[in-house]
Amino acid sequence: DARPISLASGGQASTHAPTAMAIVVNTPLWVCPLFLYVLYVGWSRTQDRVVAPSRLLVMPAVIGGLAIYNLVSLDPSPVMLLGFVCGLAVGALAGHAVGRRRVAEPLDDGMLRTKGDWMPLLLVIGIFAIRYLLGGGRASEPALARDPGFMLAGVTLSGLFAAMMIARAISTLPRGFFRSYRFAG
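Residues numbered from 1 in each chain as written. Predicted model: local features only at pLDDT ≥ 70, side-chain atom pairs only at ≥ 80, totals over all residues. Heavy atoms only, no water.

**A word on the pattern of salt bridges**
Think of it this way: side chains of opposite charge can pair up when their charged atoms draw near. A complete count under the given rule lists three salt bridges for this structure. Residue Glu105 is joined to Arg113 by a salt bridge in which the shortest nitrogen-to-oxygen separation is 3.5 Å. For Glu105, a relative accessible area of 40% translates into the label partly exposed. Residue Arg113 is classed as partly exposed on the basis of its relative accessible area of 39%. (Salt bridge = Lys/Arg side-chain N within 4 Å of Asp/Glu carboxyl O. Buried < 20%, exposed > 50% of the residue type's maximum accessible area, 1.4 Å probe, protein only.)

If you want it as structure tokens, here you go:
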């Protein structure tokens, strides 16, 4: 039998698996500039830089908000919610472990000196890829929106990457940062 096998459907043969070409051909034009921006943002994090503390938290907060929005928009089942929470837990632990290895150095003017790191680039590419494959897969083959394995994998990975990015950002802050930092102006 030459029918494609969809891993999302538990390895059962399926005639409904979208091809990579179908996903790419049906990609809206605005996705390309968005992907280039994602690459730029991730690449900028590979360089040492001096930033305001709030700038370290903006992108992770946006990613976390999008992950929650995407979860809620799917009308998740209890299993999907459990998958999301498991992804959050694993992502938070991994993000904390990675973040503690690259703690930002506080400067006298309140700014932070951070070392370049490839992890943010990998995370934003992973987040983009998950969103792209979920959206493209569902657009090319609407039945995937009802495939529990496909949707569970998507929400679990979404939670994992978002929590990893948030925990990593918080963990890079110097110890005692929230007690000593003044959030005025």
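**What to know about helix α2 (residues 31-44)**
Under the 1.5 Å per step criterion, the end-to-end length of α2 is 20 Å for 14 residues, consistent within 8% with the ideal 20 Å. Looking only at α2, the buried set comprises Val31, Val38, Val41 and Gly42. All buried residues of α2 lie within an arc of 95° about the axis, which places them on one face of the element. Of the exposed residues in α2, the ones pointing more than 90 degrees away from its buried face are Leu36, Tyr37 and Tyr40. Along its buried surface, α2 packs onto α3 (53-73) and α5 (119-140). (Helix = DSSP H or I, 4+ residues; strand = E, 2+ residues; numbered from the N terminus. Expected span 1.5 Å × (residues − 1). Arc of directions from axis to C-beta. Contact = heavy atoms within 4.5 Å.)

**Points about the side chain of Ser158**
Tracing the chain through its elements places Ser158 in helix α6 (residues 148-172). With sequence-adjacent residues up to four places away left out, Ser158 is seen in contact with Ala67 and Phe84.

**So, the packing of aromatic side chains**
This structure, assessed with the given rule, holds four aromatic pairs. Between Trp43 and Trp118, the aromatic rings sit 5.3 Å apart at their centres with planes inclined by 75°, giving edge-to-face as the arrangement. In this pair, Trp43 sits in helix α2 while Trp118 sits in the loop between β3 (112-114) and α5, placing the two residues 75 residues apart along the sequence. When its relative accessible area of 47% is taken as the criterion, Trp118 is described as partly exposed. Both rings, one in Phe128 and one in Tyr132, keep their centres 6.2 Å apart while their planes meet at 10°; by these two values the pair is stacked. Here the residue Phe128 and the residue Tyr132 both occupy positions in helix α5, the gap between them amounting to four residues, near one helical turn. For Phe128, a relative accessible area of 14% gives the class buried. For Tyr132, a relative accessible area of 23% corresponds to the partly exposed category. Three or more aromatic residues joined by ring pairs make a cluster, and in this case those are Phe35, Phe128 and Tyr132. (Phe/Tyr/Trp six-rings, centres within 6.5 Å; stacked < 30°, edge-to-face > 60°.)

**Brief notes about unusual backbone geometry**
For Asp75, which is not glycine, the phi torsion reads 50° and is therefore positive. Tracing the chain through its elements places Asp75 in the loop between α3 and α4 (78-99). By relative accessible area, which is 67% here, Asp75 ends up exposed.

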